[in-house]
Structures are given as C-alpha cells and as structure tokens.
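# Examination of the molecular architecture
As a plain string of letters, each chain reads:
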2 protein chains.
Amino acid sequence: MAHISKKWITPLKKIKQLSGFVQKTHTLRAASTLISGEPEGPTVKTDIPGPKSKQLIDELSAIQQAGSVQLFADYERSLGNYLVDVDGNVLLDVYTQISSMPLGYNHPDLLQLLNDPYNVKTIVNRPALGVFPGADWPKKLKNILLQVAPSGLNHVTTMMCGSCSNENAFKNIFIWYQRKQRGGSSDFSQEETESCMMNQSPGSPTLSVMSFQGAFHGRTLGALSTTHSKYIHKIDIPAFDWPIASFPQYRYPLHENQRENDAEDKRCLAEVEDLFAEFSKRGSPVAGIIVEPIQSEGGDNEASPQFFQELQRVVKKNGAALLIDEVQTGGGPTGKMWCHEHFGLDGPPDVVTFSKKMQLGGYYHKPDFKPSQPYRVFNTWMGDPAKLLLLQGVLEVVRRDSLLDLVQKSGKKLLTGLRSFEQEFPQLLHAARGRGTFLAISCPSTKLRDDLVARLKKKGIQTGGCGEHSIRLRPALIFTPKHADIFLDRFRQVLKETK
Amino acid sequence: MAHISKKWITPLKKIKQLSGFVQKTHTLRAASTLISGEPEGPTVKTDIPGPKSKQLIDELSAIQQAGSVQLFADYERSLGNYLVDVDGNVLLDVYTQISSMPLGYNHPDLLQLLNDPYNVKTIVNRPALGVFPGADWPKKLKNILLQVAPSGLNHVTTMMCGSCSNENAFKNIFIWYQRKQRGGSSDFSQEETESCMMNQSPGSPTLSVMSFQGAFHGRTLGALSTTHSKYIHKIDIPAFDWPIASFPQYRYPLHENQRENDAEDKRCLAEVEDLFAEFSKRGSPVAGIIVEPIQSEGGDNEASPQFFQELQRVVKKNGAALLIDEVQTGGGPTGKMWCHEHFGLDGPPDVVTFSKKMQLGGYYHKPDFKPSQPYRVFNTWMGDPAKLLLLQGVLEVVRRDSLLDLVQKSGKKLLTGLRSFEQEFPQLLHAARGRGTFLAISCPSTKLRDDLVARLKKKGIQTGGCGEHSIRLRPALIFTPKHADIFLDRFRQVLKETK
C-alpha cells in the first residue's frame with residue numbers, strides 16, 4: 001500500500017512535465033491524456049454553482065422544477081475529461097453526465113462524424129424504424145450493436161432510453177411467457193382479445209416481474225415498480241404489486257468476510273425461491289427477474305459471481321426469464337463490454353438491456369424471445385439512427401485506443417488508491433469496491449458523504465453520490481492513470497482536511 | 001361539389017406546367033412545391049416491397065421481428081414529400097413516418113443547421129439535462145418550446161418520446177393530486193416513505209387515470225393501460241385496472257346527424273361522471289383523464305368542441321386533471337399548432353403532451369403541476385438538446401413559409417376531394433373527416449381498407465390505416481395543393497378500378 005500511496009500522489013507539476021513528454025507513442029500517450037488540448041488539471045474560480053449558474057437556475061426555475069441542477073455547463077469549452085461551467089470553473093469529471101458520456105466532451109472523432117453529409121442526413125431524416133428503416137439499418141445493427149453483443153445473444157431491439165428498454169424487455173418476457181403457457185402457440189381466444197382491451201384478465205394477465213431491494217431500473221410506471229432505491233422516486237405513484245427480494249449486502253473487505261457473505265448470498269437466493277412460490281400461489285406468477293450486475297443508483301451494491309450463477313439457475317428452474325439490466329454498467333466501464341461477463345454464467349442471460357454509454361437504448365435477447373407477430377413490441381421511432389451513428393464513432397475509438405485496457409489500468413490505480421484511503425482514514429471511508437473504473441466507496445453517514453462530494457467539487461472534482469452513504473466514480477473510458485492521480489490527490493486533500 | 005371535383009382532377013401534365021411557371025414568387029411557390037428538386041410525381045417500378053427491400057427484410061428478420069416493415073427507404077435520395085425506396089420507387093408520402101416528419105425529407109434548412117460547429121457540439125455533448133444543462137438551455141426552452149406553447153401553459157418538461165411523455169405526465173398528475181390531499185403540503189409520513197419502497201399503499205396509492213375506448217397513448221406499461229385501440233398492442237401484458245369511458249362515435253356527415261351526435265356526447269360524458277363516482281367508491285380515485293383531441297391510431301375518431309368543453313368542466317368538478325395528448329395532433333397538422341385550440345375551452349388544459357413532429361417528447365403544464373421537490377420527475381437525459389435543435393429549425397421554416405396557412409389550404413383541398421369521393425363512390429367510402437391535413441376517411445370493411453391502402457401504394461401513394469377500417473392522411477406541413485391534386489388523382493384512379 002505504501003508503494004501505491006507514493007505513486008498516486010505524483011505532484012501535478014510532474015504530471016504536467018510528463019504529459020508534454022509522452023505525446024509521441026500511443027501506449028505512453030494513453031498514460032497521459034488521449035485528448036489533445038485537454039486541461040492539465042481542474043481549476044475552481046467561484047462557488048459551484050457560481051453566480052452565472054445561479055442566475056440560469058433562477059431562469060430555469062421559472063419554467064420547470066430545477067432543484068436538481070448542480071451547475072450550467074459550457075459545452076463549447078468542455079473537453080475530454082473536463083467539464084467547464086459557465087463561471088469558468090474547470091472540473092475533472094468523474095461522473096460524466098450520470099455515466100452516459102463514454103468519450104468525454106467534444107471528442108474529435110465524434111465531431112468529425114458530422115463532416116460527412118451522409119451522416120448529416122442520418123440526423124435529419126429520422127425514420128419510423130419499425131416500418132420504413134433506411135437501407136443501411138440491418139448492416140448497422142450487425143456491424144455496430146451485434147459486434148459488441150454479449151456472447152450468445154444474437155437478437156437486438158432498439159429503443160430510446162433505459163426506462164423504455166426495460167419496459168419493452170418486460171413486454172417481450174411477458175409475451176414469451178404466455179406463449180409457453182399456450183404450448184408455443186400464439187392463437188388468442190376471443191375472451192383474451194376482448195378482455196385485454198379493458199385491462200382485464202385473461203387478456204391482461206396478472207403476471208409479475210421480480211426485482212431486488214435497492215434496485216434502480218427506471219421511472220416509467222412499469223420500470224418504477226421494479227425500482228426500490230429511494231422513496232422520492234416512488235412516493236405518490238401507483239405501482240404494480242410485484243415481488244421484491246433482498247439483494248446481498250456484503251461486509252467489506254470481501255476476502256475477510258467470505259463466510260458471512262456466502263451466507264448472505266444463500267439468504268437472498270432462498271428469498272427469491274420463496275417469492276416464486278408465493279406469487280405463483282397468489283395467481284401472479286413471476287415471468288422474469290430483473291437485476292443489475294452492480295446496483296448503481298441504489299449504492300453500488302455488488303453481488304458475487306456465484307450469486308448470479310445461482311440466480312440464473314433458480315430463474316431457469318422456475319420457468320422464468322433472467323433480464324440483466326446493463327444500462328449503467330454496460331458499454332465498458334467495468335473493463336469488459338458487459339459487466340455480467342465477469343460472472344462466468346452457465347450461458348447467456350435471456351435479455352440484456354442497455355442505454356447511457358451506448359447512446360441509444362435497447363436490449364439484446366435470445367431468439368426465442370422474438371415475438372411471433374409484429375406490432376407487439378413497437379413504437380413510432382423504435383430507436384434512433386442518429387444515436388447509433390454516435391455509438392459507431394464511440395466503438396471505433398474504444399477499439400482503436402484500446403480503451404477497455406485503459407479502463408482496467410486506470411481502474412486498478414483508482415481502486416488501489418481508494419483502498420489506501422480506507423487504511424489511512426478508516427473513520428471516514430470503507431468498502432472500496434467495484435470493477436474497472438466503475439467504483440465506489442462508502443462513508444459512515446449520508447451527511448459525511450454529502451460533505452465529501454461537495455468539498456471534492458470545491459477542489460475541482462465532479463463525483464456523484466449513490467445509495468445512502470456512498471460516492472460513485474463514473475469516469476469516461478478515456479480516463480487515464482494521470483487523471484486517476486489528480487483525482488486521488490484532490491480526494492486525499494479533502495480527507496486530510498476533514499475534521 | 002361538381003365545381004370542386006373538376007378542380008381536383010387537374011391533370012398531372014397541367015400541374016407540371018404550372019409548377020415550372022410559379023417558382024418566382026413566394027405565395028405562388030407555395031402552390032407548387034417548397035422544396036427545390038422535389039420529384040414531379042410518384043414513380044413505381046417494382047412491387048413494394050421490391051426485391052431489394054425483400055432481401056433487407058430477410059436480413060433484418062434474422063436479428064429482430066421485422067414483420068411490420070413495409071419497405072427499406074433510401075434516405076439519401078428521399079426529398080420533400082417524396083419517400084424513395086431502395087428499389088427506386090418514388091412515393092408521395094402522405095403518412096410521413098407515422099406523422100413524425102414535419103418538413104419531409106432532407107429539408108435544406110435542416111441540413112444547413114449542421115454546418116454550424118456550435119450545433120455539431122450540441123449533437124455530440126448530450127448532457128444529463130436535470131443536473132448539468134448547457135448554458136443555452138433555459139433560453140432555448142423559452143425561445144423554442146414556450147414560443148409555441150398552448151396559450152396559458154407556461155411550464156414545460158422535456159422527455160424523449162410520446163410514451164414517456166405521457167407516463168411522466170401521469171406522474172406529475174399523481175404528485176399534484178396527492179399534494180392536494182395533503183392540503184398543499186409535501187410532508188410525507190414514515191408509513192408513506194416506507195410502504196412505497198415495497199410498492200404498497202399508502203406510499204404507492206391506488207390512484208387511477210381515466211382513458212377512453214379507442215385511445216392510443218403509448219406502449220410502456222402505464223401508458224399502455226390507457227391505450228385501447230387494438231388488442232395486438234395489449235394482449236399478454238399486465239395492466240393497471242383503471243377506468244375506461246366510451247368515446248363518442250359519430251354518424252356522418254356531421255351536419256345531418258347533429259341531434260344523434262349531441263346525444264352521443266351526452267352518453268359518453270355521463271359515463272365519465274359515473275366512472276369518477278365508481279372508482280372513487282372502489283378506493284381508486286381518478287387523478288386525471290387523458291384524451292386525444294382526435295383519436296388517431298384508434299381510427300381518427302373526432303369529438304365535438306362541446307364534448308371537450310364539457311369534459312373539461314366534469315374533470316374540474318371532480319378535482320382531477322385534464323391531460324390532452326397532442327403527440328400525433330400537435331405541431332401543426334390540424335392547421336393550428338395544437339388541435340385543442342380548435343375547441344374553445346374555458347381555459348387551458350392542465351397538461352398537454354407532445355412528441356413526433358415536435359422532434360422531442362415532453363409536456364406543457366400549469367405552474368401548480370410543478371413538483372415542490374426535485375428528482376420526482378427525472379431521468380438521465382430528460383430530453384435531448386439535439387432534437388430541440390431540429391425543432392428550432394422546423395419552427396423557423398414553419399413561420400417563414402407560413403406553413404400553418406398552407407396546411408389549411410392543402411387540407412381544404414384534400415377534404416373537399418375526399419367528400420366528393422364519398423358522393424361518387426358511396427359504396428367504398430364514407431365519413432371524410434378531420435382538420436387541416438389531419439384527415440381520414442372510412443371504408444365499409446377492414447379488407448377493403450387494406451386493399452385500397454395497398455393499391456394506393458402501387459400507384460405511388462404512401463398512406464396509413466387507422467382503427468378498423470379507416471385510411472389516415474398525415475402529410476408533412478410542406479404538402480401543397482399540388483401534392484393534394486396528385487394524391488386525389490391517384491386515389492380516384494384506385495377507386496374507379498375497385499370492383
């Protein structure tokens with residue numbers, strides 16, 4: 001640890017010298033910065049929000065609820081890992097628009113895309129993809145989305161955002177489940193076709209989707225019924241009465257608490273089994289389970305590979321579908337394209353949803369989840385070729401610049417640093433955890449967490465909270481060890497200044 | 001009628017001569033075509049789908065359900081009102097991507113937008129608008145979205161598509177309704193904050209949203225519970241048990257059936273009143289009613305201004321909110337920016353949702369529907385500045401080229417033509433109806449409707465069906481009387497060839 005703690009406090013001056021020196025070769029370049037012209041480090045000139053941001057917050061508040069706005073950004077001047085606000089503050093962005101900017105700001109390769117008139121036409125002519133797709137659509141789905149599909153999943157349905165991806169994945173699962181009940185047929189009875197028009201069974205069956213405490217799967221009414229991270233997301237909104245199982249809550253460090261954590265896995269899996277039985281008995285059988293590979297909004301709660309392996313077996317045994325929600329974990333931040341690829345599952349999950357870093361929403365699924373009839377999973381746009389175009393640009397850069405390797409390298413540096421902080425400041429931090437740069441650390445209280453996040457921002461570091469008392473790191477895939485050094489240096493200053 | 005029927009059968013040759021002649025002045029230019037280089041008329045070379053489309057449908061079917069695809073388009077060659085497919089067929093598009101292309105294909109002013117590097121950065125840097133909006137966001141909301149807001153609605157929340165706009169509008173209504181129940185306060189009890197995390201009341205209350213038979217409000221699980229247009233959209237999907245009222249079914253022509261239609265209004269309004277009482281008694285009070293100004297997907301079913309006026313009064317009397325869903329009707333096709341502006345309501349509706357022609361989703365609402373706390377209506381992106389940019393371009397052209405006037409003019413020509421067809425082919429068509437170019441006509445059977453739509457396509461006219469037996473017209477706002485002439489000419493040929 002000592003050796004590491006020396007490493008991460010490389011002084012900024014030295015980093016600056018290095019970054020001038022290492023521009024020449026690709027591997028070394030990755031050690032410094034991938035974006036030419038990126039600031040050398042954060043600069044904070046005003047409170048955040050500063051006076052200009054405050055004025056704009058007032059303006060916005062006159063026309064909508066703006067209480068969640070932290071600052072107004074200057075997206076012309078933001079670059080790479082640095083978010084510049086309207087007051088001229090330059091923040092190292094370790095949160096990247098709630099984990100949705102894979103290549104940071106104004107990446108030259110993405111700006112370049114729109115120099116091509118063909119691509120400009122893609123932006124302007126947005127089709128109803130389910131009816132009149134463009135000539136290049138099947139090829140693009142294959143060459144972009146299916147190129148990075150989780151192994152074993154060769155079907156894909158495109159959507160717009162994480163919530164509608166999960167909602168439509170639920171629908172796909174319900175349709176699949178009911179087709180099984182009909183022995184593989186999709187012949188509907190008159191009673192079914194008529195009753196569904198009035199929201200009544202048997203046409204609108206009382207099926208359920210099981211989810212986990214602490215989960216976040218979106219905020220439209222179906223997705224929200226599987227979300228259980230914070231009450232403010234849910235209160236006053238009607239919900240489906242669907243089963244909710246405990247999600248493992250581990251003791252850290254993991255290697256010192258293996259026996260207790262294994263028992264925790266078993267407790268949660270037994271609850272899942274019980275809920276299958278209970279909801280089947282109630283007449284609301286579980287058609288599928290939705291689970292995040294790492295519960296993100298709910299507090300970066302991990303579960304072991306063994307938990308997920310066993311969960312998949314339980315789901316299969318009960319004739320339901322396993323939906324892994326990779327909206328926040330997918331697209332590379334864990335060091336693999338999909339977080340569940342870390343788990344060594346028996347086979348692919350049935351459905352995997354995505355959005356955020358993938359630019360557009362959607363889900364991969366096994367072929368038997370394809371509905372037999374058209375128009376059952378459908379909407380006007382069914383995704384957006386303009387966003388797939390951006391994803392194409394993103395994935396080309398990820399490959400060319402070996403960004404998944406970079407994520408692993410930077411993530412290792414970050415996690416080692418966070419672990420050394422746990423040693424140095426045990427009263428302030430514990431439970432450093434995560435994969436790749438998808439990392440978090442916990443505080444003993446919400447108050448302390450909020451205080452650390454606020455003081456990190458004053459030092460020019462934009463992070464985010466998650467759960468009750470955790471800080472989450474969600475840097476872009478272009479976050480290098482140099483940026484990790486800056487982050488750790490500023491974080492250590494904040495911790496040292498904490499009384 | 002005779003005078004009109006002569007007018008609409010202006011031979012194509014003559015139209016071509018005219019269109020060469022009238023390029024000079026703006027007003028006259030609008031009588032021909034607004035898009036330079038637009039084809040003079042449709043050309044059909046192959047079956048549709050043609051061989052190239054069929055091959056692409058096979059390719060797409062290998063990775064997703066592609067049964068709804070009608071053709072693959074060539075969006076490089078499509079222009080203005082003409083959709084060109086991969087087999088070189090040139091179709092006059094009277095359906096425009098399910099009514100979502102306000103300026104047709106490759107409009108020069110929209111292509112021009114992306115010559116501006118500032119706008120390119122808007123495409124590439126997509127923010128989490130609820131947390132880190134760009135410097136220009138409040139101004140853009142005011143100068144673009146609020147400039148065209150329905151009179152009396154000065155708040156706006158942006159979203160992504162029609163479904164999530166309606167879902168989030170429901171949430172806004174539930175939050176507003178519950179705040180009223182708490183006497184204007186938003187202090188939650190511990191029982192509420194805890195029970196909602198498990199989807200149980202009182203935190204997740206059993207409130208309902210009333211909708212109408214035949215309605216279409218989207219396909220995510222909340223929105224789908226208010227959608228009742230076709231069983232294939234709903235079957236096998238669990239739904240909220242919410243009240244569904246009858247929507248007026250009128251006899252046509254309207255002016256000959258006023259007494260019956262007035263009685264029909266009264267019958268439906270009485271049902272609304274009854275359902276308010278019934279669901280209140282059941283413990284599932286109605287927080288809001290959602291209604292389309294013209295039921296679109298469900299069959300272009302109109303209701304009278306008096307119906308909507310009285311509906312608004314009934315809703316108000318019952319302490320609920322009126323949500324008018326302008327996803328398909330909004331943005332100009334009825335000749336006004338918002339269809340409900342034709343109704344002479346006592347005051348603005350409480351909430352108006354939009355999407356499609358508006359490029360991005362969202363809703364306008366009264367100020368008292370703004371939640372007191374942040375994060376209650378929230379998601380990662382909260383809309384998309386890239387789409388607002390396109391809307392800005394669209395609205396500038398709508399103003400500059402007086403497109404709402406053009407819609408009225410072209411719509412009048414279309415409706416007059418459709419009415420003359422009812423006279424000439426009473427066994428094939430009836431109930432021509434609608435506003436602006438947002439028009440429909442009905443057939444005696446689904447089979448005949450499908451046949452007419454298919455044969456119109458063979459003659460180079462892309463229309464769409466709606467409901468059981470109607471044909472809907474959804475041309476772009478740049479559809480001129482010249483295009484109406486072409487449409488009517490081809491339609492008449494099809495009707496004459498119908499045995």
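Structure's up top.
These notes cover the structure that comes with them. Computed from a predicted model, the values in this text were never measured in an experiment.

Before going further, it helps to spend a moment on the relation of the copies chain B and chain A. Both copies of the chain are tied together by a single rotation about an axis and a shift running along it. Between chain B and chain A, which share one sequence, the superposing operator has a rotation angle of 180° and an axial displacement of 0.0 Å; the RMSD is 0.0 Å. These values place the two chain copies in the arrangement generated by a two-fold rotation axis. With an isologous cut-off of 70% or more, the 99% of interface residues of chain B that recur at the interface of chain A puts this contact in the isologous class.

Time to look at unusual backbone geometry. Cis geometry is found at the peptide bond from S201 of chain A to P202 of chain A, where omega equals 10°. Looking at the secondary structure, you find P202 of chain A in the loop between α10 (190-196) and β4 (208-212). Omega for the peptide link from I48 of chain B to P49 of chain B comes to 5°, which places this bond in the cis form. With respect to the secondary-structure elements, P49 of chain B resides in the loop between α3 (26-32) and α4 (51-61). A positive phi angle, near 50°, is found at M382 of chain A, a position not held by glycine. For M382 of chain A, the location among the structural elements is in the loop between β11 (361-365) and α14 (385-400). Among the residues examined, M382 of chain A registers a relative accessible area of 11% and is labelled buried. The backbone phi angle of A431 of chain B is positive, close to 60°, even though this residue is not glycine. Residue position: A431 of chain B is located in strand β12 (residues 430-435). A431 of chain B sits in the buried class, given a relative accessible area of 7%.

Residue and element names in this part refer to chain A. Strand order across the open sheet formed by 7 strands is β3-β11-β10-β9-β6-β4-β5, with mixed pairing between neighbours. Either end of the sheet is taken by a strand with one partner, and the two such strands are β3 (155-159) and β5 (244-245). As judged from the 3 bridges shared by strand β9 (residues 321-325) and strand β10 (residues 351-354), these two strands associate in the parallel manner. By the bridge assignment, L323 is partnered in β10 with V351.

Residues and elements named next belong to chain B. With burial as the criterion, each face of strand β2 (residues 90-93) is covered, one bearing V90 and L92 and the other bearing L91 and D93. Linkage of strand β1 (residues 82-84) to β2, two consecutive antiparallel strands, is achieved through a turn of 5 residues, within which G88 is found at a positive phi near 85°. Sheet topology note: the β2/strand β14 (residues 461-462) ladder contains 2 bridges and is parallel. Directly across from D93, in β14, lies its bridge partner Q462.

The subject of this paragraph is the pairing of strand β13 (residues 438-442) of chain A. Every other side chain in a regular strand lies on the same face of the sheet, so the side chains alternate between the two faces. Residue and element names in this part refer to chain A. β13 sits mainly inside the fold: 5 of its 5 residues count as buried. Of the two faces of β13, both are covered, the one formed by F438, A440 and S442 as well as the one formed by L439 and I441. By the bridge criterion, 4 bridges tie strand β12 (residues 430-435) to β13 in an arrangement that is antiparallel. Within the sheet, the bridge partner assigned to R435 lies in β13 and is F438. Counting the residues between successive antiparallel strands, the hairpin from β12 to β13 contains 2 residues, one of them, G436, with a positive phi of roughly 60°. For β13 and strand β16 (residues 470-473), the ladder comprises 4 bridges, and the chain directions are antiparallel. Across the sheet, residue S442 finds its bridge partner in β16, namely S470.

Thresholds, definitions, all that
Residues numbered from 1 in each chain as written. Chains lettered and ligands numbered in written order. Predicted model: local features only at pLDDT ≥ 70, side-chain atom pairs only at ≥ 80, totals over all residues. Heavy atoms only, no water. Least-squares fit on C-alpha atoms with pLDDT ≥ 70 in both. Contact = heavy atoms within 4.5 Å. Helix = DSSP H or I, 4+ residues; strand = E, 2+ residues; numbered from the N terminus. Buried < 20%, exposed > 50% of the residue type's maximum accessible area, 1.4 Å probe, protein only. Pairing = 2+ DSSP bridges.

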